[in-house]
Amino acid sequence: PGRVGTGLHVKNTEALAFARPLVISRAAARGMGPAEGAFGVADDAETFAEAVLALLADGEAAARQVALGLVRVEDTARRAYEALRAAVAGEASFQA
């Protein structure tokens, strides 16, 4: 689990893209936007363990989180593609 963070952690996005439930610290969530059910956030070991155990115990909750995570990744990829396409086509300036 990531305990510190600056920018977007690729491993978090990969976990979501590979349909894995994700529990991370607030620091590791930087750059990901609000969780909105797509991943869990826990800042200490006890809360982290509780969140992981809850996902393991409730397959439906884990499946909902995975589905929301996939939507998040697909939306992010679509927006990034559109921004890059527009920049290459000279329609807009590329902004990170």
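What you see as residue numbers is a count from 1 along each chain, following the sequence as written. Two thresholds apply to this predicted model, a pLDDT of at least 70 for residue-level local features and 80 or more for giving and counting side-chain atom pairs, whereas whole-chain, interface and lining totals are computed over all residues. Excluding hydrogens and water, the side-chain values take into account all heavy atoms of the structure.

Focus on the overall build of the protein
The helix and strand labels rest on DSSP assignments: H or I over at least four residues marks a helix, E over at least two residues marks a strand, and numbering proceeds from the N terminus. Tallying secondary structure elements over the protein gives three helices and two strands in all. Listing each helix as α and each strand as β along the protein from the N terminus yields α-β-β-α-α. Every one of the 96 residues in the protein was classed for burial, and the buried ones make up 27%. When the accessible surface of the protein is split by element, carbon and sulfur atoms take 61% of a total near 6,400 Å². Exposure is judged per residue with a 1.4 Å probe applied to protein chains only, and the accessible area is read against the type maximum: over 50% gives exposed, under 20% gives buried, and values in between give partly exposed. Here the open area of atoms and residues is found with the Shrake-Rupley method and a 1.4 Å probe, where only the protein chains shown may cover a residue.

Observations regarding the side chain of Ser25
Tracing the backbone shows Ser25 in the loop between strand S1 (23–24) and strand S2 (40–41). Any pair of N or O atoms that falls within 3.5 Å is considered a polar contact. Within protein, one atom must be able to donate a hydrogen and the other to accept it, and sequence-neighbouring residues count only if both atoms are side-chain atoms. Polar contacts involving the side chain of Ser25 include one to the main-chain amide nitrogen of Ala28, which spans 3.1 Å.

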